[in-house]
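Structural overview
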Amino acid sequence: MDKLLIHGGRRLQGDVRISGAKNAALPILCAGLLVPGTLELSNVPQLQDVGTTLKLLERMGVKSTRDVAAGTVTLDGSSVTSTEAAYDLVKTMRASILVLGPLVARFGEARVSLPGGCAIGQRPVDQHIKGLQALGARIDIEHGYVIARASRLRGTKIVTDMVTVTGTENLMMAATLAEGETVIENAAREPEVVDLANALIALGARIRGAGTDRIVIEGVDALHGGAHRVMSDRIETGTFLCAVAAAGGDLRLTHCEPDTLDATLDKLREAGLRIECGPDWIRGTMDGRPKSVNVRTAPYPGFATDMQAQMMAVNCVADGTGVITETIFENRFMHVQEMRRLGAEIDTEGTTAVVRGKRGLSGAIVMATDLRASAGLVIAGLVADGDTLVDRVYHLDRGYDRMERKLAAVGASIERVRTVDDA
Ligand code: EPU
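These lines cover the structure that appears in this document, whether it is placed above or below. (Residues numbered from 1 in each chain as written. Predicted model: local features only at pLDDT ≥ 70, side-chain atom pairs only at ≥ 80, totals over all residues. Heavy atoms only, no water.)

A few words now on the packing of helix H5 (residues 126–134) against helix H6 (residues 165–175). In contact at an axis separation of 9 Å, H5 and H6 are set at 25 degrees when each is read in the N-to-C sense. Of the possible angle classes, the one that applies to H5 and H6 is roughly parallel. For H5 against H6, the interelement crossing comes out right-handed. Between H5 and H6, the contacting residues are Gln-127, His-128, Gly-131 and Leu-132 on the first element and Thr-166, Gly-167, Asn-170, Leu-171 and Ala-174 on the second. (Axes fitted to C-alpha atoms, helices over the stretch in contact; angles between N-to-C directions. Helix = DSSP H or I, 4+ residues; strand = E, 2+ residues; numbered from the N terminus. Parallel < 35°, antiparallel > 145°, perpendicular 65-115°, else oblique. Left-handed = near helix turned anticlockwise from the far one by under 90°. Contact = heavy atoms within 4.5 Å.)

To continue, consider the packing of aromatic side chains. The relation between two aromatic rings is expressed through the spacing of the ring centres and the mutual angle of the planes. Following the criterion strictly, the structure yields zero aromatic pairs and no others. Across the ring face of Tyr-145, the terminal group of Arg-111 is positioned such that the distance to the ring centre comes to 4.1 Å. When the ring centre of Trp-281 is taken as reference, the NZ or CZ atom of Arg-252 above it lies at 5.2 Å. (Phe/Tyr/Trp six-rings, centres within 6.5 Å; stacked < 30°, edge-to-face > 60°. Lys NZ or Arg CZ within 6 Å of the ring centre and 35° of its normal.)

If you look at the biggest cluster of nonpolar residues, it comprises 73 residues, and the most contacted ones within it are Leu-34, Val-99, Leu-132, Leu-153, Met-172 and Leu-200. In terms of residues, this core owes the most to one element, helix H1 (residues 22–31), which gives seven residues. If we skip the residues at most four places from it in the chain, Met-172 touches Ile-184, Val-193, Leu-196, Ala-197, Leu-200, Ile-207, Ile-215 and Ile-217. (Core = buried A, V, L, I, M, F, W, Y, C linked by side-chain atoms within 4.5 Å. Buried < 20%, exposed > 50% of the residue type's maximum accessible area, 1.4 Å probe, protein only.)

The full set close to the ligand counts 21 residues, and Gln-127, Thr-164, Thr-166, Asp-306 and Ile-328 are the nearest of them. Lys-22 is positioned such that a nitrogen or oxygen atom in its side chain is 3.0 Å from an oxygen atom of the ligand. Here Arg-123 contributes a side-chain N or O atom positioned 3.0 Å from an oxygen atom of the ligand. Relative to its unbound accessible area of 830 Å², the ligand is 88% covered by the protein chains. Among the secondary structure elements, those contributing two or more residues to the shell around the ligand are H1, H5, H6 and helix H12 (371–383). (Near = heavy atom within 4 Å. Polar contact = N/O pair within 3.5 Å; in protein donor to acceptor, adjacent residues only side chain to side chain. Areas by Shrake-Rupley, 256 points an atom, 1.4 Å probe, with all protein chains shown as cover.)

Turning our attention to the sheet that holds strand S2 (residues 12–17). The strand order across the open sheet built from four strands is S2-S15-S17-S16, with neighbouring strands paired in mixed fashion. The sheet terminates laterally at S2 and strand S16 (274–277), the two strands that pair on one side only. Across the sheet, the axes of successive neighbouring strands diverge by a mean angle of 10 degrees, strand direction being ignored. Where strand S15 (residues 249–254) meets strand S17 (residues 281–286), six bridges bridge the pair, whose relative direction is antiparallel. Across the sheet, the residue bridging to Arg-252 is Arg-283, located in S17. (Pairing = 2+ DSSP bridges.)

Our focus in this paragraph is the pattern of salt bridges. In this structure the tally under the stated criterion is 26 salt bridges. Two residues, Arg-149 and Asp-140, come together in a salt bridge whose shortest N-O distance is 3.3 Å. With its nearest N and O atoms 2.9 Å apart, the salt bridge here joins Arg-356 to Asp-347. On the basis of relative accessibility, which here comes to 33%, the residue Arg-356 falls in the partly exposed class. Among the charged side chains, a network of salt bridges with common partners joins Asp-2, Asp-397, Glu-404, Arg-416 and Arg-418. (Salt bridge = Lys/Arg side-chain N within 4 Å of Asp/Glu carboxyl O.)

Right, let's talk about the sheet that holds strand S12 (residues 206–208) for a bit. Pairing is mixed across the open sheet formed by four strands, whose spatial order is S10-S11-S13-S12. At either end of the open sheet lies a strand with only one pairing partner, and these are strand S10 (157–159) and S12. The mean angle between the axes of side-by-side strands here comes to 15 degrees, regardless of whether they run parallel or antiparallel. Both strand S11 (residues 181–185) and strand S13 (residues 214–218) contribute to a ladder of five bridges, which runs antiparallel. Within S13, the residue paired with Ile-184 across the bridge is Ile-215.

Structure follows, in structure tokens:
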């Protein structure tokens, strides 16, 4: 199992090229199932989750050609032979549920394993199911699988009980091929939803309102082939900004989309990071110690839950006390115990964490528990005195494109240690 060995205390200096967004790439890849032709994608990040999604699609008969170095993927969904997503892959990646809407919309049937438990919260998929039922699908849960059937979905009005990102995406994809108009109210406004809508529009879908809480989809009989460039990863961008805010230095992030990061940029400015933005770059400069900030996660355009652990790492070494409230997932403080192992002073009460900043942390062996927790621990390791060994790096590899190489290139002392599995 790979680990990351970090020798803390180095400032970060230089340029980092931001990759395509994981949470846009995954739904857009699943949209390949809607098309009896080719979907040509560029700016696809090099991630474990992209590989898992391609494997899932290939098992259904979607042909894929990938040039990893160029970041391109071409999918051909003209000869889909199976409408099943099996447990062995779904359990490793919850985003697999995103095949449900496209499969039932195009083929009239889908058999998709329920994802099961998750480290950060219960994460049910009831809203995906409720929405598909509203669109006329018959849903049965059998042997751990969601089975959806419909001769053709029918457009309708759907009001989701809460804002759900993949729920909105699944229903938007399903509605592209439904008969008539579908309105999704209380839709997620995340930029990744907009990127998916743009990809679907390039394939012939009729969608308006993506990026607002009311998305209107006019169903069409079929989609056609097309091309799309995946948006840049706002969470990767925010993660590198937190890294420079905590470790100090001067980073210029290129190929990014500053407009998608308002809440993160506001908080980091408040923490003392000097920020300059161009159309597709952000420069973050930090001298001295950050100031503590209070953070409350919220659906977009609020502060992203996917940035919470990284901002906590900044607060751990900041001047003052910061209160972090997690409102999206009920168990997304798994990194707290590990940050304490590095000497951080954090008290939690339910979904609130009070972080008393300290001048320094001290390196230790820590365990990554989920993707963003891992990123938070890497940032803490960059600041800690001595060596930090981050175990279970596979979580990080799922969603960050060669993070340690990008950090090493801007001056961090960080290396991947490959060990024989000691389980
Ligand atoms: N929820 C339900 N029922 C549903 C759907 C959601 O109760 O049917 C609840 C969830 O349990 C959660 C809240 O609604 O409490 C919001 O969850 P949401 O559905 O928005 O999350 P998601 O779509 O499963 C995506 C991202 C996550 C990100 C969240 C929130 C993808 C592939 N995943 O998950 O990304 O944290 O939105 O922004 O887009 C990550 O990248 O590390 C990650 C976990």
